[in-house]
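Report on the structure
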Amino acid sequence: MLENREFLLRRLHSLLGIIPIGLFLTQHLIVNHFATQGESSFNNASHFMANLPFVIFLEIFVIYLPLLYHAFYGLYIAFTSKHNVGKYSYMRNALFTAQRYTGVFLVIFIAWHVFETRFQVAIGNAAEADFNMMENILSNPLMLAFYIVGVVAATFHLANGLWSFLVTWGITQSEKAQRGATYFTLLVFVVLSVIGIRALFAFV
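Let me sum up the structure you'll find in this document. (Residues numbered from 1 in each chain as written. Predicted model: local features only at pLDDT ≥ 70, side-chain atom pairs only at ≥ 80, totals over all residues. Heavy atoms only, no water.)

1. A few points about the packing of helix H5 (residues 90–122) against helix H7 (residues 141–168)
The contact between H5 and H7 brings their axes to 8 Å, and the two run at 130°. Considering their axes alone, H5 and H7 lie oblique with respect to each other. For the pair H5 and H7, the crossing hand works out as left-handed. (Axes fitted to C-alpha atoms, helices over the stretch in contact; angles between N-to-C directions. Helix = DSSP H or I, 4+ residues; strand = E, 2+ residues; numbered from the N terminus. Parallel < 35°, antiparallel > 145°, perpendicular 65-115°, else oblique. Left-handed = near helix turned anticlockwise from the far one by under 90°.)

Right under this line is the structure:
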């Protein structure tokens with residue numbers, strides 16, 4: 001009974017990491033990338049996303065609740081899981097470890113990012129999470145470095161999590177399929193990292 005419960009919790013954790021969290025991260029990075037086209041372009045894209053119909057419902061049930069579950073259950077996994085020695089290669093075990101470390105770091109990074117942006121809007125310290133807000137945040141070199149690490153950690157965590165998702169859900173079972181998934185998820189990591197980092201430097 002306990003094993004079945006943990007199996008279902010881990011499956012839910014895996015699913016939420018890709019849908020909706022992974023999709024939201026991808027969309028968030030793409031919206032941020034509008035900053036490379038100028039202040040007004042980013043503000044228009046950000047304003048559009050902030051004024052979607054039922055945005056509060058979407059934020060709570062599609063972003064925040066799935067993210068909280070994924071984060072806290074992920075912390076439990078990070079501090080209780082052991083390496084899959086003998087089951088996967090040395091590289092996969094290294095990536096397994098990196099997945100746990102980036103997960104712990106991302107709990108801190110995302111909490112700080114939400115505090116600096118959405119929370120400031122919610123308490124009235126800012127009218128909107130616009131270009132000027134991010135420009136002010138990233139004008140501090142230490143904060144810029146923190147955000148760069150945060151973006152790379154997030155894109156790695158998503159890409160590597162996608163590989164695990166494909167295996168966990170039985171989509172890639174053969175060695176050939178898993179090797180192909182490795183190349184695909186590496187591409188996802190590189191592309192999303194470039195998009196995210198280009199967006200950050202557009203605010204500087």
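2. Thoughts on helix H6 (residues 131–138)
For H6, the complete set of buried residues consists of Phe131, Met133, Met134, Ile137 and Leu138. Seen along its axis, H6 keeps its buried residues to an arc of 165°; they face one direction. Taken together, the buried residues of H6 touch helix H3 (39–50), H5, H7 and helix H8 (175–202). (Buried < 20%, exposed > 50% of the residue type's maximum accessible area, 1.4 Å probe, protein only. Arc of directions from axis to C-beta. Contact = heavy atoms within 4.5 Å.)

3. Side note on unusual backbone geometry
The omega torsion of the bond from Ile19 to Pro20 falls at 15°, within 30 degrees of zero and hence cis. Following the sequence through the fold, Pro20 ends up in the loop between helix H1 (2–18) and helix H2 (21–33). Not every positive phi belongs to a glycine, and Phe54 is a case in point at roughly 60°. The topology assignment puts Phe54 in the loop between H3 and helix H4 (55–80). Overall, Phe54 belongs to the exposed group, its relative accessible area being 70%.

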